[in-house]
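Understanding the architecture of this molecule
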Amino acid sequence: MPLVGVLLAGAVGVVLLGRGERAATLGVGSSGTWLATPGRLVHVSALSGRADAGIDVPGAGPDLTVATAGDTTLVTEPRRGLVHVVDGSRLVLGATASFGRGPMTTLVDGDRAYAVLGESGLVVPFDPRTLRRRGDPVRAGDRISDALLGPEGTWLAVPRRGAVLAPSGREMPVGSARTGVRLGRAGDDVVALDPAAGTLTPLSARGRGRVIRLPATAPDLVAASRAPGPVLPVVTGARGTLLLADVRTGTVRSVALPVRGRLGRPTVAGGTVHVPDLDHGTVLRVGVADGRVRQPVPVTGKAAPLTARAEGRRVWVDDPSGRFAVVIEGETVRRIDKLRTPPTSSATPDPRVLAAGSRRPSTRPSPTPRPRRSSSPSPGVRGSPTPGTGSRSGGTRAGTPAPASRTLGAAVTSGPGYVDVQVRPTLGEPPGTYAVEVTPADGSATVPTGPTTFRVTTDDCALRTYVVRDVGGNLTSRPLTARGCVAAGAPLNLSSQSDGGNYITFSWEPPAEDGGLIEGYNVGFDFNEGLPESIRQLDAATLSYQVGPLIPGTVVDFHVNAKNAAEWGESAEGTATAPRPCDSCNYHHSEDPVPLFAAPAEGPLDVSLPPVPGTDVGEEVEILCQVRGPNAQEVDLAGLGPGSEIWDRVRYQGVVGYVSDYYLSTPNSYIGEFSPGIPRC
């Protein structure tokens with residue numbers, strides 16, 4: 001049958017597509033994630049914060065959870081004990097496995113995946129791609145309160161025994177059985193938390209490490225499941241406190257939070273701790289390095305079971321029981337309405353369900369046969385026949401309602417100046433004659449490009465809705481939304497240049513794939529000193545940005561992305577270090593100890609620079625900044641030389657204080673002036 005293109009008048013554009021072979025698969029962009037709503041998954045773009053695809057999960061409740069394993073996305077139904085593989089290319093649920101009665105959690109890391117049935121004390125390893133069982137299950141012999149994947153394998157908390165089971169099967173006593181044991185991970189260090197005793201115990205295959213005592217005990221103490229560095233965040237809502245425990249040094253800092261109540265499990269990204277506030281539907285944020293409490297981010301504005309998940313620099317905070325979520329990247333926050341923009345496709349779980357431990361898929365009854373279709377559809381008919389018209393639908397008589405409509409599979413993908421629409425006939429059924437409706441149709445033109453594909457060209461970046469109909473039957477796709485434009489690629493050749501002092505200039509070139517006219521650039525940067533990330537927006541002609549003034553030795557993480565009509569594109573990222581003003585910033589001159597001061601010449605601290613005999617120089621001192629103050633000679637701190645009015649704020653043996661610049665080998669210490677390259681305090 002020849003391909004026919006038709007454009008109907010009005011606000012809807014329609015193109016018919018003749019019979020042909022089954023459609024190829026079509027994927028969803030990778031710069032996003034899957035979020036849950038009751039009975040449904042929604043794919044959200046991280047760049048725009050908009051939903052761009054959806055998959056139904058029939059029979060699922062409001063407790064869906066999502067995890068990723070490389071290119072594989074798994075969705076878990078905790079209460080029903082089911083795990084599904086998300087087929088992102090076809091926008092359907094692929095293989096499904098049943099692991100038994102819930103509640104159940106899923107642990108995923110790379111090619112490792114485990115179904116943890118806490119009440120049964122059972123852990124089932126499986127392949128995250130096929131969901132087939134790998135090896136024998138692990139039996140804890142008692143209820144499991146928490147589970148965590150470490151570099152060596154799976155760690156299980158067994159609360160009634162106050163112990164943790166190591167991947168080797170070795171049982172390690174770590175606390176009491178009064179409130180159970182919980183687990184966290186800081187870098188590669190697995191840590192056991194005993195809320196009743198208020199202790200953290202680092203664990204490894206060799207055994208237990210040094211116990212860290214926390215300044216607070218509370219039944220609701222909970223640690224981050226994974227922190228990227230050695231600092232493990234622990235929160236208690238009952239006390240409204242965040243504890244930042246360094247598992248390498250054993251030091252603990254306490255931060256008072258602005259709320260008390262129910263708090264969720266914290267997560268860390270971009271040097272910031274994100275704590276879900278379940279009572280108020282917000283996210284609390286605290287800097288890891290400086291402990292500074294930042295402005296909370298509203299998510300739902302009311303009590304909600306929020307979850308936080310880190311993916312690189314981004315944090316996704318979701319309410320799986322409702323419609324709202326946010327994505328946070330540094331100081332950029334994008335609010336997400338998972339239901340307001342429902343560009344969806346049909347999705348039916350794979351009828352093959354693997355029982356936990358089985359090697360072959362079990363079977364379900366075959367789906368109801370599709371109503372027959374006449375071999376010669378009537379011309380000019382779109383969509384389902386109208387009841388009572390004596391239509392052509394197979395077996396339908398005049399005055400008899402047509403068979404119930406089922407959903408037709410379809411997907412859309414955006415390109416520069418176009419949207420591709422792909423029809424996905426149900427597995428085992430022959431393709432039919434299809435029509436694509438575009439709303440609004442103004443500024444668009446639709447052309448068939450294959451037996452089951454269309455290309456809709458657009459002259460703008462407006463959001464349009466696409467619906468595919470099977471003209472010969474009664475199938476209609478869900479509405480799909482897309483824009484005829486794509487976000488820009490990452491800017492090219494990002495580089496950095498220091499001015500030799502305390503400024504760094506970052507430069508870049510426009511992206512090779514601009515997706516249309518570049519409207520501007522978004523730059524962000526943060527520091528290893530714990531300062532919050534800063535965001536700046538530049539015009540399209542600006543291809544560089546200067547960061548400073550910087551403390552010598554400060555590491556700057558920088559990223560830049562371009563904006564076009566399709567919102568923000570991919571980021572280019574780089575790192576640079578502010579140079580130090582001298583190769584060896586030693587102290588010298590004094591044969592007596594030189595004390596550090598809380599302020600220039602005021603409030604001596606308990607730490608002093610040790611004496612330097614003869615003409616030797618002392619050890620290196622980290623200089624943070626300089627300030628003018630009383631002359632060191634006038635306050636009787638130097639017995640020789642002219643003294644200096646310049647004071648250096650330094651860090652020595654972990655203590656920060658002030659010392660006269662006269663004692664340090666900065667470039668201008670001998671002339672009593674500020675040195676270039678050292679910032680002012």
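Preceding block: the structure.
Computed from a prediction, not measured in an experiment: that's the story for all the values here.

**Section: the overall build of the protein**
The helix and strand tally for the protein stands at zero helices and 53 strands. Taken across its 681 residues, the protein has 50% of its residues classed as buried. Considering only contacts within the protein whose residues lie at least 6 apart along the sequence, 51% involve residues at least 24 apart. Of the roughly 29800 Å² of accessible surface on the protein, 50% is carried by carbon and sulfur atoms.

**Describing the pairing of strand β2 (residues 32-37)**
Within β2, six of the six residues are buried, which leaves it mostly tucked inside the rest of the structure. Pairing of β2 with strand β3 (residues 40-45), which is carried by six bridges, proceeds in the antiparallel orientation. Note that in β3 the partner of A36 across the bridge is L41. What sits between β2 and β3 in their antiparallel hairpin is a turn of two residues, with G39 showing a positive phi close to 75°.

**Here we look at the sheet that holds strand β33 (residues 332-337)**
What the four strands build is an open sheet, ordered β30-β31-β32-β33; its pairing is antiparallel. Both edges of this open sheet fall to β30 (307-311) and β33, since each of them pairs with a single strand only. Across the sheet, the axes of successive neighbouring strands diverge by a mean angle of 20°, strand direction being ignored. By the bridge criterion, five bridges tie strand β31 (residues 314-318) to strand β32 (residues 324-329) in an arrangement that is antiparallel. In the sheet register, D318 faces β32, and the bridge partner there is A325.

**Focus on empty space enclosed by the protein**
Counting across every chain of the model gives four cavities of 30 Å³ or more. Here the largest cavity is characterised by a volume of approximately 110 Å³. Contributing to the lining of the largest cavity are 13 residues, with E329, R334, N522, N561 and S571 lying nearest its centre. Counting residues per element, the ones that place at least two in the lining of the largest cavity are β33, β47 (555-564) and β48 (567-577). The element that contributes the greatest number of residues to the lining of the largest cavity is β48, accounting for three residues. Looking at side-chain class alone, the lining of the largest cavity contains four nonpolar, six polar and three charged residues.

**Here we look at the pairing of strand β43 (residues 504-509)**
On β43, burial follows the alternation: I504, F506 and W508 on one face are buried, whereas T505, S507 and E509 on the facing-out side are not. Direction of pairing for β43 relative to strand β46 (residues 544-547): antiparallel, over a ladder of four bridges. Bridge pairing in β46 links F506 to Y545.

**A few points about the sheet that holds strand β13 (residues 146-150)**
The strand order across the open sheet built from four strands is β13-β14-β15-β16, with neighbouring strands paired in antiparallel fashion. At either margin of the open sheet sits one strand with a lone partner, and together these are β13 and β16 (171-173). Direction aside, neighbouring strands of the sheet carry axes that sit 25° apart on average.

Calculation rules
- Residues numbered from 1 in each chain as written.
- Predicted model: local features only at pLDDT ≥ 70, side-chain atom pairs only at ≥ 80, totals over all residues.
- Heavy atoms only, no water.
- Helix = DSSP H or I, 4+ residues; strand = E, 2+ residues; numbered from the N terminus.
- Buried < 20%, exposed > 50% of the residue type's maximum accessible area, 1.4 Å probe, protein only.
- Contact = heavy atoms within 4.5 Å.
- Areas by Shrake-Rupley, 256 points an atom, 1.4 Å probe, with all protein chains shown as cover.
- Pairing = 2+ DSSP bridges.
- Axes fitted to C-alpha atoms, helices over the stretch in contact; angles between N-to-C directions.
- 1 Å grid on protein atoms, 1.4 Å probe; cavity = no way out; pocket = protein on both sides within 12 Å on 5 of 7 lines; lining within 4 Å.
- Points joined across faces, edges and corners; volume = space filled by probe spheres on them.
- Nonpolar A, V, L, I, M, F, W, Y, C, P; charged D, E, K, R; others polar.

Treat this as a map of the structure, not an account of what it does.
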